[in-house]
Every structure is written in structure tokens, then in C-alpha cells.
Amino acid sequence: MTALLAATAHVVLPKIAYHSILPVLVLLGGAAALLGVSALVRRPLDTSAVTAVTVLTALGSLSTALVQWADVRNHGPHVAIDGAIVQDGFSALIGVLVSCAVLLAALVGDSWMRREEVRGPEFQVLMLISAAGAVVMGEANDLVVVFLGLEILSIALYVLAAFDARRQQSGEAGLKYFILGSFSSAVFVYGIALTYGATGTTNLPQIADYLARNVLLHEGLLLAGIALLLVGFAFKVAAVPFHLWTPDVYQGAPTPVTGFMAAVAKAGGFAAFLRVFVSSFGLMRNDWQPAVWVVAALTLLLGAVVALVQRDVKRMLAYSSINHAGFVLIGLQAGTAKGVEGALYYLFTYTFMVIGSFAVITVVGGRGDGLHDLERYRGLARRSPWLAISFTVLLLGQAGIPFTTGFLAKLEVVSGAVSGGSTVLAVVAMVSAAIAAFFYLRVVFLMYSSGAPVVELSAAGAGPGGEVRSLSLPAGVSPSVAVEGGPAGAGGGVGTAVAEDEDEEIATIPPTATAVAISLCVGVTVIFGLWPAPLTGFAHLAQLLIH
Amino acid sequence: MIHAAFLVFLLPLAGAAVLALGGRRLGDPLAGWVGTAGVAGAFVAACVTTGGLLSRAAPARSFDQTLFTWIPVGGLNVKAALLVDPLSMTMALFVTGVSTLIHLYSIGYMRGDEDYPKFFLYLNLFVASMVILVMGDNLLFTFVGWEGVGVCSYWLIAFWFGRPSAASAGKKAFLYNRLADVGFLLAIFLVFERTGTLQYHGIFAHLGAIGPSSRTAICLLLFAAAAGKSAQLPLFPWLADAMEGPTPVSALIHAATMVTAGVYLMCRINPILHTSHPAQLVVASVGAATAFVAATIGCAQDDIKKVLAYSTVSQLGYMFLAVGTGAYEAAIFLMVAHAFFKAELFLGAGSVIHGLDDEQDLKRMGNLRRWMPLTFGTFVFGWLAIAGIPPLAGFWAKGDVLDNAWARFPVLWVVGLVTAALTAYYMSRLSALAFWGDDRWREVLARPAGATGSGGHPGHDAHPHEAPWVMGVPLVVLALLSFVGGALLLPWRPGAPLHWLAPVFGGRLYDAHLSGTTQWVLGVVDAAVAVLGVAVALPLWSRRPVHDRLEPEALKRAWFLDDVYDAVIGRPSQAAARFAATVVDVQVIDGAVNGVGRLARGAGSGLRRVQTGFVRQYALGIVVGAVALLAFMASRVW
Amino acid sequence: MAQYLPVLLLLALSTVFAALSFVASSLLAPRKRPTAAKVAPYECGIVPDVEPPQRFPVRFYLVAMIFIIFDIEIVFLYPWAVTYRELGTFGLVEVLVFAAIVFVSFVYLVSNGALDWGPAKRLRVAMGERTTESTVARVGPEGGPRAGRAA
């Protein structure tokens, strides 16, 4: 105790530059305000009011991130808050990216909440908190801060995944995500500990500095630390073989959450992943590059191949997001400034495409959020041409067709890999893209083929949980409960309503907020596909502080 | 002032955007006026820009206007930028100027068409593309315009796609052009590979990096593209079929502007072309040959627009002859003069067609000078100009080309001179058949009226009617320009307006060194040949409309070129396609694809089994992965 | 190599412990596997045709979790109280912000009735109407009428 007191006698207060964490403060402030107000008023908050506040918060953090960007452009990158936070183009870009994701997801979520008659601010509050975590990960300059961001991001996402209390799948997704996520977090912390043991610091630039100044006689400890950190990050970004949670969670979570999760968790995860590996462990490149190489190759191929056999659109896109993670890993694997640039650009374009895609799926999924069989998309073009063309654009973008942002994104990371000497990986990437094109185009083909969906499939198969057959969920949650077959969940009413609602659902008209979000996503995908200069310039300038 | 350059293509584009969004609401004829306003604005902007350019000293008359960085990928950094120099502004001026007149004319001509706004949408889009083509600062941006005009011409030729002939003519034009565009693309690749840039100035600065054979290859590849767009041998058949489009389209695209894109491109790359003599010879020879062949075909055509189409091909041949000679100024001079008189001729022909309720067959016209005095009066200027009668523009322009050819390639000069005689002959034949002779149109107008297009005038007055004023104004203006256009580059005037192009071509401009006497003699010969052609044709054809011996089947069918293509390319490729479809595709490709697909699916189904749904197994997966990584790292230590 | 010895030892030890646990449990567990009849609930001799839903009094866990939140607040407040003079205004403001955030969540919990013990008086209708059927289905899937058909 006395030793503690003696130590505390010389407290040196760090200089807190609040403006350097302003986007985080804005996001958390918005969340706290929403939560507080909702607790104080007697009636449940109006959904449009909640959405408005969320959108305003997102715009606020977007503008603060842009201010940070301008600040970095004018005054150069720097560290703040005693070296715990870094301000560089990279962090500002992640801030912009995450803010955009919140904005879009809030719009999609608004329509979803109205349709599912979910009220209250919890959905948006959790989203804002989770986004704050992602932004923290983007500007973390210390492994401990990375972990802090990771947990803020993840815990909110666990709850979001389980948010749809009516569908048992959703709860299961949340629980699975939670268990595996905490498991991987533990591994991650162990990695931090080992790294600290090897280098005597958790500060990212100091680690790099230490490695530059010292020759490690026994690098085993550090290498083990790197390996465990790699596991933690790979889990977060859903890289093979740490991806196993992804399909179940993506499928089970409410569809707007899936879109948000796919975008923000990947953005935050990769932001820290890139910074830690390229900046701090840059000198250990020869040690981690082969490992990342293998992980990237596996991720690319497995994501593309398994997506081929999926019948459920959400599950298919889950595997496709695994494939995308592989592409970003290629940029990481190159370990160069060009690779980082490519990876960032990829993340940026991917965010819009994936949120837009899941927005479309939300609409098509219908009331109860359960109609995700591929068959639902047959003839969508006739029922809702606008929706079909939007989905087509977004899918083609994901497939990397020229004149969409996806094309240039793939080109950038692959050319980064080639210039980094990883030609074989580039070939693997192109092969996987070719395989992936098949299942994207299959959906497009279905949408533009004639005929109505075979409704029996979804109507007879236990209502909203109808597609559970592909997701065999044996006693994963609690050993005594067999969940196989998707029991009605809370869907008693909804399940029987499916057949009656069929006509209404076949019309498939997106609500206004979702329509706005989809248009934004499609617009970004097409406009910056035709005119890529601003976005590539943005990614090009968004350099890491050290690399 | 010079900074107004971007408006030159933005205004027509804006017009197109307005028409695309609200064309239907604007309706007939407001949509036409909106389109015309966009193009007229572009013309004004071009004038202003040119004024700005002129206010600079002659050597400093080149200006880059960067709009935005378009594609920055690795070493490739392409800007969307405009190059403002005398050559591009000359092109821009006459493209927008002639287009304005043709737009105005179309307001009257297209009245009553159900797709009236769409027509102007395409026209505006076309003008914007054409301006991008001529003002692009790099090969790729030019290519954007190049493809833009290509697709617009496809839409416009096939505008009345209800007729099978129009639809197939559109397709034909598109295919011929696409085939030629391959040359453009290959040239772009080659240039980029050798110089690392696509910007014209950059390429010309790095000429040393391109070997002699590569230069020839680049020139010939670009010439292949130019031959497609400008309808040169052997790629010209599409232009005759393109006359299926509405007549203003024929005038705008297939006489005045688009077809000159090839000539422009060759002039633009003159620093490369100058260093490759083989390429120059090829360009000049193909040009002369095309001029002659097309002129012969023109002598035997019955469709008024087809005669004009072949005459266009022939005149374009002259331009390429000049380009190959190195007489770029002469080429541009002829291009501008040709734009005036050919537009005049087409619009005049359109007026005739309009007046005769869509009759295009020369053999069913005759004696129209009595019924359509304005059309006739203005048509005469176009006719005499293209025939090369002094002092109209055509005489000076063609004379300039031939003088240079005489000095450099005497053999080609002979071909050119013969062609000049033929030109005078077939144009006089056309005029004689249309405006002299008997009233052969009576049976046309006796038909029940209103079956086709031009509506409004039922058959009861039963004689050809003159066009409305919106169609008359362009006719008069263009007739005037055909007359005085020669003043742009009179041989004895050192300060002639077109000499302002000189800085663009610099020392690469061919200097003929002809003495005054030679020039006089050549001029007299030109004039004599022209008069001869007119003198032979006019009495011959105004007396009797049919001379079988003078219209052999070979010429009527364009030297059987279409049949040759059909036999050599069409049928074998159809057979090959059938073979590919039935044998290669089904057995080889499908087999391979299905095999790979089955493999991938098999792998997918197998891997899918890993996904059990049990959290404990997922966790095990993580552990296995982590152990593998740790093992790998351990292997790095030991 | 010597420096890794403790780590290796720990690794070995944990492996041995885990292995021992499994061995021990298999040694100590009852030999006979329970039959279905044995584990079935006894209902006066009548064979039950519907498995009785097992209700978890979830409120206990809820309160426990809420307790942790305030526990953590105390964990932070103690060190701050020890050094608040050195931390000065800055420390005060930071702790106030922290307390405010915790307070907001507390208010939220109270307003949601998370701390109301006994029968729920004012449950928020956040998830739409509850019906008997949905409630039962949520607690035990076997209880739902549809589950039987799907299984």
C-alpha cells in the first residue's frame, strides 16, 4: 500500500487533446443522450426521432473526422494523449468510413424497426457505441487502446446480433458471437502480454522503435505474441480458419445489423490489424508475411467456394464477405504503403457495397426478416425493377466488374501484391474472384429471370425460420435444447401471416429511408467507379504515421 | 476567355441532360429549341475561347484545361483535360457551327415524329462527344469522344428502328466502327508502353522513346481506326447504308462532322506521322484510291442520299491524300469547306425528300427547280462547289490538295484529277435528274399521302412543297458559306485565316515550292476538268433519266464489296460460329466449365460440412488455427 | 531456451490438469447411463407427454450483472479518491463524466423496470405484443406447437 502511495505521489497528468478523440466523443455523446432521454420520457421514443438523432450524430462525427483529416493534411500526422492515440490520414479515413456506415445503417435500421414494430433507442444506441469502438481502433496507438476499442466494438455487436428477440436464430447468433468473440479476445490479450514481455512496451511506435534498435536474441516470445495477435485480428475480420462464426452470425443477426457488422467490424478490425502489423511489426515482416499469405489464400478460396453452394442469400453474402476479407488481407500481406492504400480503398468501397446489399436483403426479407432463400429473388426485376437494378449494381461491384468501385479496389490490392512480389497470391485472388463472380451473377440471373418465387418453400418451412435447414443448428446453444428446424420462435403470428402477406411482399417496395440508403450506396459505387480519382486520392493520402 | 473551353462540351451535355430528364414534357417543338440552344451556346463558347486564343501570341497558342484527374492507377495517370490550340478550336468551331444550323433545320424536319425529344437528345449527346473528341488532351479522352460519337451514330442511324433496313444499317455502322476501334485501342496500348503517357504533348516530347517501326505501327493502327470512322477503303460500305437515318443525321454525322474525326486524328498525331514515310505513303494511297473508287460508285447510284454518301467518302479520300502528303492545312481546309457544301447538299436533298413525301429515288424526281426555287437556288451553290467550279470554296480547297499531291506524289495527283472530273460528272448527274427534265414525281405524289413521315401536307395540292423557314435559313447560310468558304485559305494570301493552324504543324507542314506559273496552270487544269464534267453530265442526264451503259451493275452495287465481304468474312464466320456453338461450346467449353464448376461445388459441399453449428467445434477451429500459427512461428525460431 | 521454461511448465501443468479432470470424471461418474425413464419428471405415475418448460428466474442474473456495473464504478472511484488532490480539476471532471455515464445507464435501467422486484408492473413493450404462445415458445422451444411439427 505504501508503495502504491509512493508511486501515486508523482502523478504526471497526460495532456488530453480532446479534439483528437472528437469523433468518438460525438458518437458516445449521441448514444448517451439517446439513452438518457429515452429513460426520462414516459412514452417510448418515436422511431423517426431516434433515427434523426442518430443520423445527426453520424453527420457530426463525419464532419469532425473530416476536420481531423484537414488538420492532418495541414499540420502533418502526430500522436496525442500521451502517445495512446495517433492522428494521421489513416485514422481520419477510418473515422469517415465508420461515420458513413453508421449513417447508412441507421437509415436501413429505421425502416426495419418500423416494419418489425421494434421501438426504443437501444438499436441505435448500440450501433453508435459499436461505431465508437471501431473509430478508437482506427486511431489507437497502443495495443491496450486497440483492445479497448475492440471490446467496445464487439460487446455492442454481440447484443445487436441478438437484437431480434422474435427469431431464435438471432439469439443464437448473439450467443455464438459472444462466446467465440470473448474466446478470441482472450487470445488477443495473451498476444498483447507476450508482446509486452518481449519488447517492454505496448505502445505501437515504441515497439517498432525497440525492434529497430535491438536485435532480439530470443525472438520466440515476440513471435508467439505476433501469432496470437494475428489470431485475434483474424477472428475479428473473419479470416479462415477463424471465420467459422461468420456464416451463422451473419445469417442469424437482424439483416440491418449484419450489414452494419460486416462493414464496421471489418473496418475497425482491419484498421488496427494494418496499423499493428505494418507499423509496429514491419521489421518482423519476414516472419508474419508467410503466415498471412496462407491465411489470405485460404480466406480467398474458401469464401468463394463455399458461397457457391449456399441457398440462403445472407449466408452467401457472409461467405462473400469472407472472400472480401481475403482481398484486404492481400493488401496487408504486401506490407507496403501501396498495399495499405489498396486495403483502405478496398474497405471504403466494400463498406458501401455491403451495407447497400444487406439493405436490399432487408427489404426482400419481408416482415419477420426470414425470407432469404435465393428463390425469393426470382423475378424480382419485374416486381421491383428499381430494387433489382440496385442490387445488380451492388453485386457486380462486389464481383469487381469494371466501372464500379469494386473493380478498382480489386485491382489496387492485387497490383499491390504483385509489386510486393506475391504473384501467386495475386493469381489465387483472381481465381477466387472468378469463382465468386459466379454466385453474384446467379443472383442477378435469378432476379431477371421470369416467374414468381416458389412460395411454398418459405411459407411451409416454419415461417420466418424457414431457411434453417441450411443452417443446421443442433444443440449449439444449450445442450439440452434442440433448436433444429427453427421452431416458430415468436413468429407464431408472423409465420401464419406469410401466406396472406404474399401479395404485399411480392410488391417489395423499399421504404423511403432504406431507399435513400440504397441509392447512396449505389451512387457511391457507380460514381466513384466511373470517376475514381477522388476516392483513390483519398486512400492514397491516408498514410499511416509510420510504415 | 480561354477558360470558357469546358463550356463547349458542357453545354450540349447539359442540353442532353435536360432532354433526357424532361424531354417528353417539353415536347414538340420546345425540345428541339432546347437542344438547339445547347449547341448554339457551345458555338458561342467556342467563339469566345477562340477569341481568347487569338489574343495570345502565335507560338503561345496552346493551352491545357484540366477538368479533373480521371484515372490515377499506378503509372497510368489520365486527366480529363481539354487541349485548346488552333487545330482543336478550328474543329470545335465548325463542328458546333454546322451542328447549330443542322439542329435548327431538324426542328422543322422532324416535326411530328413521335420520338422528337429523343432525336435531339441524341444529337446533343453527339455534339458533346464530338467536342470531347476534338478537344481531348490525351488519347484516352479522345477515345471517349470517339466511342461516344460511335454509339450516337448507331442510335441515330437506327433511329427509325422499326424499319429492318435502318436497324441493320445501324448495326452495320457499329460493327465496322468497332472493328476499326480495335486499332485505336492497340495504338493506345503501344503508345503507353513506349512513352508512359497518353497526353499528346507528352507523347510528342517522348518521340525518341518510340522506335521507327513502332511509329509506323502506331500511325497505321490509328489510321485503321480513322479509316473506319472516316469510311475509307476497305471499311467504307457502312456509310452508304447509314443513309437510312433521318436526313439531318446524314448531314450532321455522315457528311460534316463525325466522318472527319479520322482526318482530325491523323492531323493531331502529325508529329508521329511526319517521321514515318511508309505510313504517310499508305495514308495518301488509301486516300486517293478511296476517292476514285467512291466517285465511280457515285456515278451509278439512284438514291439521292447514297450519291451524296459516296461523294462524302470520295471527298474524305481527298483529305487523307492531303494528310498523307503532309499538307495538313489543305486537309483541314477541304474538311471545313466540305462541311459547308456537303451539309448544304444534304439539307437540300432533305428538303427535296421532305417535299416529295419521303421519296429518295432520283429517277422519280425531275424538274423540281420550278417547284422548289429556294432549295434549287441554294443547292446550286453546293453542287458547283463540290464540282470544283471557281470561285466557290470547293475549287480552292480541292486545288490546294491537288497542288500538294502534284509536288509530292505525281501518280496520286493523276488519280485525284480523274476523280475531280468524275465528281463534277456525278454531282451534275444528280442535279440534272432532280431539278431538270420531266415531272417524274407526279406518280409519287399521286400515291395516297400520309403513309409515311413528313405528314402535314396531304396529297391534294399534288405538287412538291417548299420547306418551312427553319429549314430554309440553314440552307441559305450554308449556301453562302459554300460560296465564300474559299476565302479561308486563298493561295496568294499569306495572312489567310487558316494559316493560324501553322504553329500546330510547325516545320512538319509540307511546303510544295510551286512556282506561280505552275500554280496557275494547275488551277486552270482543275477548273477545266470540273467544267468538262458538268458539261458532259448536265445535258446527258437532263434529257433522259436512264442510260444503262453508264450505270453498270458493278458500280450500282459498289464494286460488289458487300458481296465480297459476305463471301469472305460473313459466311465463313457464320460457319465458324455454328461450329463453335454446336461443337466447341457444348463439348469443349461447357465440359471444362462444368468440370471446374463441379469441382468447386464439390469442394464447397465438402467444406460446408465443417460448418456444424456447434460453438465448441468453432472454438476448436480457432484453437487449431492458433496452434498452427504458433507452430509456424516456432519453426521460425528453431 | 531456459527463459521459456516456466511457460512450458505452466503449459504442461495445465494440460495435465485438464487431462486429469476428464479422467477423474470418467472414473468417478456413475457407471450406468441414465435411461429416459429415469430422467423423466415424476408426475404421479402418469407418463408426461409434454415436457414441462423449465423456467429460469432470469432476474437474479440481471441484478447480478447490474451490480457489476456499480461495482466497477466503485473500483474506479477508490483510486481516484486516494489521489484526487494530485489529479485536481481534471480528475474531478473526468470522474464526473464517468459517473454521469454510469448514472445514465442507471436511469435507463430503472425506467425499464430492471430493478423492480416482483410481478412486472410496467414492462416496456419494446418487442411488440406478447401472446401466451410466443412467451411459452421463447422459454422452451419444445412447448411451441410448431416445434413438434418441425422436429
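Residues numbered from 1 in each chain as written. Chains lettered and ligands numbered in written order. Predicted model: local features only at pLDDT ≥ 70, side-chain atom pairs only at ≥ 80, totals over all residues.

Caption draft 1: Structural view of the overall build of chain C. Each helix and strand in chain C was counted, giving six helices and zero strands. For chain C, the N- to C-terminal ordering of α and β elements is α-α-α-α-α-α. Each of the 151 residues in chain C was classed as buried or not, and the buried ones make up 6%. (Helix = DSSP H or I, 4+ residues; strand = E, 2+ residues; numbered from the N terminus. Buried ≥ 20, exposed ≤ 12 C-beta atoms within 10 Å, placed from the backbone.)

Caption draft 2: Expanded view of the overall build of chain A. Assigned secondary structure in chain A consists of 22 helices and two strands. The buried share of chain A, taken over its 547 residues, is 65%. Contacts spanning at least 24 positions in sequence make up 81% of the contacts within chain A whose residues lie at least 6 apart. (Contact = placed C-beta atoms within 7 Å.)

Caption draft 3: View of the interface of chain A and chain B. Counting residues at the interface gives 43 residues for chain A and 31 residues for chain B. At the level of secondary structure, the elements contributing two or more residues to the side of chain A that touches chain B comprise α7 (168-199), α9 (220-236), α10 (245-252), α12 (285-308), α17 (405-419) and α22 (533-541) of chain A. Considering every element that reaches the side of chain A that touches chain B, the biggest residue donor is α9(A), with nine residues.

Caption draft 4: The arrangement of the packing of α9(A) against helix α11 (residues 255-280) of chain A in detail. Residues and elements named next belong to chain A. Between α9 and α11, whose axes approach to 8 Å, the crossing angle comes to 155 degrees. Considering their axes alone, α9 and α11 lie roughly antiparallel with respect to each other. Between α9 and α11 lies a crossing whose hand is left-handed. In contact with Leu229, Phe233 and Lys236 of α9, α11 contributes Ala265, Gly269, Ala272, Phe273 and Val276. (Axes fitted to C-alpha atoms, helices over the stretch in contact; angles between N-to-C directions. Parallel < 35°, antiparallel > 145°, perpendicular 65-115°, else oblique. Left-handed = near helix turned anticlockwise from the far one by under 90°.)

Caption draft 5: Structural detail: the confidence of the model for chain C. Residues and elements named next belong to chain C. Of the residues in chain C, 72% reach a pLDDT of 70 or more, and the chain-wide mean stands at 74. The secondary-structure element of chain C with the lowest mean pLDDT is helix α6 (residues 145-150), recorded at 41, while helix α1 (residues 5-28) shows the highest, at 90. Overall, residues 136-151 carries pLDDT values under 50, and its contacts beyond four positions in sequence, including any with other chains, amount to 39 contacts. For this predicted complex, the interface confidence reaches an ipTM of 0.84, while the overall pTM sits at 0.69. (pLDDT = per-residue confidence, 0-100.)

Caption draft 6: Broad picture of the confidence of the model for chain A. In the predicted model, chain A carries a mean pLDDT of 85, and the fraction of residues at 70 or more is 87%. Confidence drops under pLDDT 50 across residues 456-507 of chain A; counting only partners more than four residues distant or on other chains, this segment forms 124 contacts.

Caption draft 7: Examining the nonpolar core more closely. Ranked by size, the top nonpolar core spans 218 residues in total, and within it B:Val131, B:Leu222, B:Ala331, B:Leu334 and B:Ala343 carry the most contacts. Here this core gets 19 residues from one element, more than from any other, and that element is helix α15 (residues 328-355) of chain B. Among all residues touching B:Val131, those that are not within four sequence positions of it are B:Val8, B:Phe9, B:Pro12, B:Ala42, B:Ala92, B:Val95 and B:Thr96. Judged by nonpolar contacts, the second largest core, of 214 residues, contains A:Leu128, A:Ala134, A:Ala262 and B:Ala626. (Core = buried A, V, L, I, M, F, W, Y, C linked by C-beta atoms within 7 Å.)

Caption draft 8: Here's a closer look at the packing of helix α8 (residues 212-229) of chain B against helix α13 (residues 277-298) of chain B. Residues and elements named next belong to chain B. Remark: α8 packs on α13, axes separated minimally by 9 Å, with the N-to-C direction vectors making an angle of 20 degrees. Considering their axes alone, α8 and α13 lie roughly parallel with respect to each other. In this structure, the crossing between α8 and α13 has a hand that is right-handed. Contacts between α8 and α13 pair Thr216, Cys219, Leu220, Phe223 and Ala227 from the former with Pro278, Ala279, Val282, Val283 and Val286 from the latter. Its residues placed into classes, the contact of α8 with α13 shows nine nonpolar, one polar and no charged. (Nonpolar A, V, L, I, M, F, W, Y, C, P; charged D, E, K, R; others polar.)

Caption draft 9: Fine view of unusual backbone geometry. Cis geometry marks the peptide bond from A:Val240 to A:Pro241, where omega comes out at 5 degrees. The residue A:Pro241 is located in the loop between α9 and α10 in this model. In this model, B:Pro390 is joined to B:Pro391 through a cis peptide bond whose omega is 5 degrees. Looking at the secondary structure, you find B:Pro391 in the loop between α16 (373-387) and α17 (393-408). Positive phi outside glycine occurs at A:Glu117, with the angle close to 55 degrees. Following the sequence through the fold, A:Glu117 ends up in the loop between α4 (89-116) and α5 (122-139). Phi angles above zero are rare outside glycine, and A:Asp369 is one such case at about 55 degrees. Residue placement: A:Asp369 occurs in the loop between α14 (337-365) and α15 (380-383).

Caption draft 10: Molecular detail of the environment of C:Ile69. All names here are of chain C. Counting through the fold element by element, isoleucine 69 comes out in helix α3 (residues 58-82). C-beta crowding within 10 Å serves as the criterion here: with 12 such atoms nearby, isoleucine 69 is assigned to the exposed category. Taking the C-alpha atoms as reference points, isoleucine 69 and phenylalanine 106, separated by 37 residues in sequence, lie 9.2 Å from one another. Isoleucine 69 has contacts with Val102 and Ser105, leaving out every residue within four places of it along the chain.

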